[in-house]
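Residue-level listing of the chains:
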Amino acid sequence: MAAGTSKAAGKAAKSRKGQARLLQGNEAASLGALAAGCNFFAGYPITPASEITEYMSREMPVRGNPFIQMEDEIASIGACVGASLAGRKAMTATSGPGFSLMQENLGYAMIVEAPMVVVNVMRGGPSTGLPTNVAQGDVQQARWGTHGDHPAIVFCPSSVAECFELMVKAFNTAERFRTPVIFLADETVAHLREKVILPAEGDLEVIDRRRPTVPPDWYVPYKTDGSLIPRLADLGEGYRYHVTGLVHDERGFPTRRADEVEPFYARLFGKISRHFNDLMLTKQYSMDDAEIVLISYGCTARSCRAAVRLGRERGIKLGLLQLLTLWPFPRQAVEAALAGRKAALVPELNMGQISREVKRVNDGRTQVIRHSKMDGTMITPEEILGRMREVA
Amino acid sequence: MTAVHRSVVYDWLRHDKKFPHVWCPGCGLGILLGSLVRSLAQGGYDKNQVVLVSGIGCSGRLPVYVDVGSVHTTHGRALTFATGIKLAKPELKVIVVMGDGDATAIGGNHLIHAARRNLDLTAIIVNNLTYGMTGGQYSPTTPLGAKATTAPYGHSEPSFDISALTVTAGASFVARSTVYHVTQLDQMLSQAIAKKGFGVVEVLSPCHTNYGRQNRLGSQVEMMKSYKKQAVRMDRWDKLGSAEREGRFAIGVLADHERPTFWETYQGSVDRAQAIRKEG
Amino acid sequence: MASSKKKETAKAKAPEMERMEVRLAGSGGQGLILAGLILAEAAGLFDNRAVAMGQSYGPEARGGASKAEVIISDQDIDYPLATRVDLFLALTQEAADTYSWDLKPDGWIVVDSDLVSHPPSSRAVALPFTATARDKLNKPMVANVVALGAITELTGVVSRKALEKALMARVPKGTEALNKKALAAGSKMAKAYQASGQLAGQEPTSEDV
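What counts and what doesn't
- Residues numbered from 1 in each chain as written.
- Chains lettered and ligands numbered in written order.
- Predicted model: local features only at pLDDT ≥ 70, side-chain atom pairs only at ≥ 80, totals over all residues.
- Heavy atoms only, no water.
- Contact = heavy atoms within 4.5 Å.
- Buried area = accessible area lost by both parts, 1.4 Å probe.
- Salt bridge = Lys/Arg side-chain N within 4 Å of Asp/Glu carboxyl O.
- Polar contact = N/O pair within 3.5 Å; in protein donor to acceptor, adjacent residues only side chain to side chain.
- Helix = DSSP H or I, 4+ residues; strand = E, 2+ residues; numbered from the N terminus.
- Nonpolar A, V, L, I, M, F, W, Y, C, P; charged D, E, K, R; others polar.
- Pairing = 2+ DSSP bridges.
- Disulfide = S-S within 2.5 Å.
- Buried < 20%, exposed > 50% of the residue type's maximum accessible area, 1.4 Å probe, protein only.
- Phe/Tyr/Trp six-rings, centres within 6.5 Å; stacked < 30°, edge-to-face > 60°.
- Lys NZ or Arg CZ within 6 Å of the ring centre and 35° of its normal.
- Domains from an automatic or database assignment.
- pLDDT = per-residue confidence, 0-100.
- Right-handed = clockwise from strand over helix to strand, strands pointing away.
- Lys, Arg positive; Asp, Glu negative; His and termini not counted.

Section: the interface of chain A and chain B
Put simply, an interface is often sized by how much accessible area is lost when its parts join up.
Okay, step 1: Between chain A and chain B, the residue contacts involve 45 residues of the former and 40 residues of the latter.
Okay, step 2: Approximately 3,400 Å² of surface area, both sides summed, lies buried where chain A meets chain B, with 58% of it carried by carbon and sulfur atoms.
Okay, step 3: In this structure, Arg117 of chain B engages Glu71 of chain A in a salt bridge whose closest nitrogen and oxygen atoms are separated by 2.7 Å.
Okay, step 4: Linking chain A with chain B are 24 residue pairs in polar contact (both at pLDDT 80 or more).
Okay, step 5: Looking at the side of chain A that touches chain B, the elements that each hand over two or more residues are α3 (50–62), β3 (67–69), α4 (73–85), α5 (96–112) and β10 (242–244) of chain A.
Okay, step 6: Top contributing element to the side of chain A that touches chain B by residue count: α4 of chain A, with eight residues.
Okay, step 7: Here the residues of the side of chain A that touches chain B sort into 23 nonpolar, 11 polar and 11 charged.
Okay, step 8: Inspection of the sheet shows β10 of chain A paired to strand β2 (residues 69–72) of chain B by three bridges, in the parallel sense.

A look at the state of the cysteines
Residue and element names in this part refer to chain B.
Okay, step 1: One pass over the full model with this rule turns up zero disulfides over all chains.
Okay, step 2: Cysteine Cys24 is unpaired, with the sulfur of Cys27 as its nearest cysteine sulfur at 6.4 Å.
Okay, step 3: Judged by its relative accessible area of 37%, Cys24 is partly exposed.

Things to note about the interface of chain A and chain C
Okay, step 1: In this complex, chain A contributes 23 residues to the contact, which on the side of chain C involves 22 residues.
Okay, step 2: Here chain A packs against chain C, burying approximately 1,900 Å² in sum over the two surfaces, 57% of which is carbon and sulfur.
Okay, step 3: The largest contributions to the chain A side of the interface with chain C come from Leu22, Arg193 and Lys195 of chain A, which together make up 33% of the buried area.
Okay, step 4: Inspection of the region where chain A meets chain C yields two salt bridges.
Okay, step 5: The closest approach of N and O atoms between Asp76 of chain C and Arg305 of chain A, which form a salt bridge, is 2.9 Å.
Okay, step 6: Counting across the chain A and chain C interface gives 10 residue pairs in polar contact (both at pLDDT 80 or more).
Okay, step 7: Among the secondary structure elements, those contributing two or more residues to the side of chain A that touches chain C are β1 (20–24), α8 (187–191), β9 (193–197) and α11 (298–313) of chain A.
Okay, step 8: Looking at the side of chain A that touches chain C, the element that brings in the most residues is α11 of chain A, giving five residues.
Okay, step 9: Residue composition of the side of chain A that touches chain C, grouped by class: eight nonpolar, seven polar and eight charged.

A short note on the packing of aromatic side chains
Okay, step 1: Under the criterion given, the structure shown has 10 aromatic pairs over all chains.
Okay, step 2: Consider the rings of Phe264 of chain A and Tyr265 of chain A, whose centres lie 5.4 Å apart with planes at 70°: the pair is edge-to-face.
Okay, step 3: Considering the side-chain rings of Tyr227 of chain B and Phe249 of chain B, the 6.4 Å spacing of their centres and the 75° angle between planes classify their relative orientation as edge-to-face. In this pair, Tyr227 of chain B is assigned in helix α9 (residues 220–230) and Phe249 of chain B in strand β10 (residues 249–256), connecting sequence segments 22 residues apart. Summarising the burial analysis for this pair, Tyr227 of chain B and Phe249 of chain B share the class buried.
Okay, step 4: An aromatic cluster of three or more residues is present, and its members are Tyr219, Tyr239 and Tyr241 of chain A.
Okay, step 5: Here Arg143 of chain A stacks its cationic end above the ring of Trp144 of chain A, 3.8 Å away from the centre of that ring.

Comments concerning the pattern of salt bridges
Okay, step 1: Under the criterion given, the structure shown has 46 salt bridges over all chains.
Okay, step 2: Where Arg302 of chain A meets Glu194 of chain A, a salt bridge forms, and the shortest distance between an N and an O atom there is 2.6 Å. Separated by 108 residues along the polypeptide, Arg302 of chain A in helix α11 and Glu194 of chain A in strand β9 bring together distant segments of the chain. Judged on exposure class, the residue Arg302 of chain A and its partner Glu194 of chain A are both buried.
Okay, step 3: Between Arg240 of chain A and Asp67 of chain B there is a salt bridge, with its nearest N and O atoms 3.0 Å apart. Here the residue Arg240 of chain A occupies a position in the loop between β9 and β10, and Asp67 of chain B occupies one in the loop between β1 (50–54) and β2, the pair thus bridging two chains.
Okay, step 4: Judged by its relative accessible area of 27%, Arg240 of chain A is partly exposed.
Okay, step 5: Residue Asp67 of chain B is classed as buried on the basis of its relative accessible area, which comes to 14%.

Some points on the domain arrangement of chain A
Residues and elements named next belong to chain A.
Okay, step 1: Splitting chain A by domain gives domain 1 (2–203) and domain 2 (283–391).
Okay, step 2: A straight line from the C-alpha centre of domain 1 to that of domain 2 covers 27 Å.
Okay, step 3: Taken together, the contacts link 26 residues of domain 1 with 24 residues of domain 2.
Okay, step 4: Where domain 1 abuts domain 2, roughly 1,900 Å² becomes buried across the two surfaces, and 53% of that area is made up of carbon and sulfur atoms.
Okay, step 5: One can count two salt bridges joining domain 1 with domain 2.
Okay, step 6: Between Glu162 and Lys283 there is a salt bridge, with its nearest N and O atoms 2.6 Å apart.

Considerations on the confidence of the model for chain C
Residues and elements named next belong to chain C.
Okay, step 1: With 85% of its residues at a pLDDT of 70 or more, chain C shows a mean pLDDT of 88.
Okay, step 2: Note that pLDDT drops below 50 for residues 1–13; the model gives that stretch 11 contacts with residues more than four away or on any other chain.
Okay, step 3: The ipTM assigned to the predicted complex is 0.96, against a pTM of 0.93.

Notes on the side chain of Ser70 of chain B
Okay, step 1: Counting through the fold element by element, Ser70 of chain B comes out in strand β2.
Okay, step 2: Separated by 2.9 Å, the side chains of Ser70 of chain B and Arg14 of chain B make a polar contact.
Okay, step 3: Among all residues touching Ser70 of chain B, those that are not within four sequence positions of it are Tyr241, His242 and Val243 of chain A together with Arg14, Leu52, Pro63 and Val64 of chain B.

A few points about the pairing of strand β12 (residues 292–296) of chain A
Residues and elements named next belong to chain A.
Okay, step 1: Burial runs high along β12: five of the five residues are buried.
Okay, step 2: Burial along β12 is two-sided: the face carrying Ile292, Leu294 and Ser296 and the face carrying Val293 and Ile295 are both buried.
Okay, step 3: As paired strands, β12 and strand β13 (residues 318–323) are joined by five bridges and run parallel to one another. Residue pairing for β13: Ile295 is matched across the bridge by Leu321.
Okay, step 4: Read as a crossover between parallel neighbours, the route from β12 over α11 to β13 is right-handed.
Okay, step 5: Bridge count between β12 and strand β15 (residues 343–348): three bridges; the pairing is parallel. Counted as the bridge partner of Leu294 is Leu345 from β15.

So, the side chain of Glu73 of chain A
Residue and element names in this part refer to chain A.
Okay, step 1: Note on placement: Glu73 falls in helix α4.
Okay, step 2: Notably, Glu73 is buried but unbridged: the nearest opposite-charge side chain belongs to Arg123, and the N-O separation is 8.0 Å.
Okay, step 3: The residues contacting Glu73, other than those within four sequence positions of it, are Tyr44, Ile46, Thr94, Gly98, Leu101 and Met102.

Focus: the confidence of the model for chain A
Okay, step 1: Mean pLDDT for chain A: 94, with 95% of residues reaching 70 or above.
Okay, step 2: A low-confidence stretch, residues 1–17 of chain A stays under pLDDT 50, and its non-local contacts, those more than four residues away or across chains, total 25 contacts.

Below is the structure:
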């Protein structure tokens, strides 16, 4: 199925090869999912993520693949995990209130190691909050939302082009590491329309999960080679194994034995942490001679790019480190960005969810200033430049 | 007990999972497990094409003993996972085992929508009138006035009739049986599993440890025997007056009709989508 | 790129454009998001410039203030929303009041003459988009296209050719003629406005503020 899927998705990408298009962030994310081989979608309507669900409702039937609007977000992510275990590349899309409901089964996907992509287009919260306004308040929720200690992989786009690229990356990462991946966009980027040229089919790397190659009798579902990432058999292919949200042994059966529980958690974290360098994506703008560095992500990184341009026109040597990966937190890149600078400013649409991480990493060496905004609108470049007086 | 040879048990249960099972002596879940594997064997299903899905609670531990693909999911959500599995691979026989709290409290919304959608799934709902695993708190099926660890002075809510609920919600097949009426239970399970569309079997099963003792219902054996007194076959049930129905319940097939399944109607969308796309 | 020749020609004709911020505002249902989309596609795909379009809307599907912002530039667009608006189109009084606080002092202000009785500035250009669509084209819903025709004629924000191509690519089958007419009507009223000398001598400047 995987091979056929990749072909179908490839066709979608091919027909649009090299052609400039005006796309909305949500559309580009959907196209990225299809290009990466997404062949199952379950979702529930919510502003500002509904465009993805609607897009998938148009495209999935064309490809003969399942689309279903479930009764709520809990059911949507549940269906995705089920489909993933049965061999599909599954995705769901939601916003804050729905993302809160999904935390339960997100933890399930994490513990059974079901690859899938969860889109959260951030709007103002908590609760119903500001449904049609931009915010970045779910950054720590994406990291810690589901209970129990667990690793998290979270990508965050700042442009329509990045919506496509990071969605492909999200699926590939989910498949490679056998884990749910969170695609954390925001209302501005999701609704923004920009001209993009999608990459040609051949330029896209599409990764499929590793499936068992041994006969069913030899298959030990959670036993791994050196990679720490167990091979995943599709349900219904003769590998009659057990899947449970309880902590389980190598055979997949529940265990409470300390000598089995401890290695289980070690593997769950280890399979991600040993590949941190592949996962921590950042971009730099005018960093070489920057005296003051901006550290930002999502739509706010766009404000920062403008602030860098305008600041330099006025003689302020600004640079930007844009985080495309929020979790695992790109510690090395942030450390390097902070080293030897006069100060760092972290603008974000929350009360400091990433700035606290920057401060943690900085360890008191550079002046790190939080710049929070919580009024449902983007931070403007002038607002960032207005903070420069405090730095200089 | 039944005509099926004991080797069925050997063929369909997992050998690498340690027995004895987790359930209390006198629990009905072991009987249901036997009934389920007999029904699967009699139906001639391929073990590789069957997936058992469960939620959380005592019933949630049932799939692990069966030698098929088994998925023990989150509390109340088993049907959502089963929906994903079935849509991903429509050729699979997907059977969901839930408890009364699992299916009708936390999972109540999923249950009615699964019935409405009529996806080709089988839902086995084990009704023991309580939350057995967590110590005997009241569930949506606990009778008015009954004692529970969260209703020490008697339960103050009326209860759900699971079968009636799922009939109303649109399930293609709904039956009720008990772990006392094993031959009938085998038949009901066989029919539900074979049925195209959403099939429900409500299985009454005693929880002596956490329900019977609180409500002074006697020994495990006495609780089991009480089903014999309370259960009335459908053909006789129809003839009973309301006074005679007091304290009793009907067993047998409550609904059995043909409706298009979700997958069938979805294929219509697929055809229309592909035709429109071809036209450009 | 297959169509690169065409695009290069289009670009060669068009003057180099620094960041130009356009805001189209009105009430939900007036088709301003669609108008923004057509403008953005005209600029991005047919005039071959960089383009970003943002939108904001309330909970109402019809009514309520709604706006689309289109940023057009020959440079990479960093900040994707408007900060100092070069061209403001308002089709309702509420939109004219709500969204006019950050206009460039010498920018364009274009309003519907029937629906906006108090324009944000005395130098606003007031034209009868809705009345024309309703009375002359018998389709009030094409007021947005009439307005697009007019602002393009007045400001040259996109080329006329690009606008027409983008419009034809977006409108439903069978409405091409109507939409072309609407575009022409907008163009015509803008030309008439210019010819009447109403603009002469009062070309907006920063001193006007």
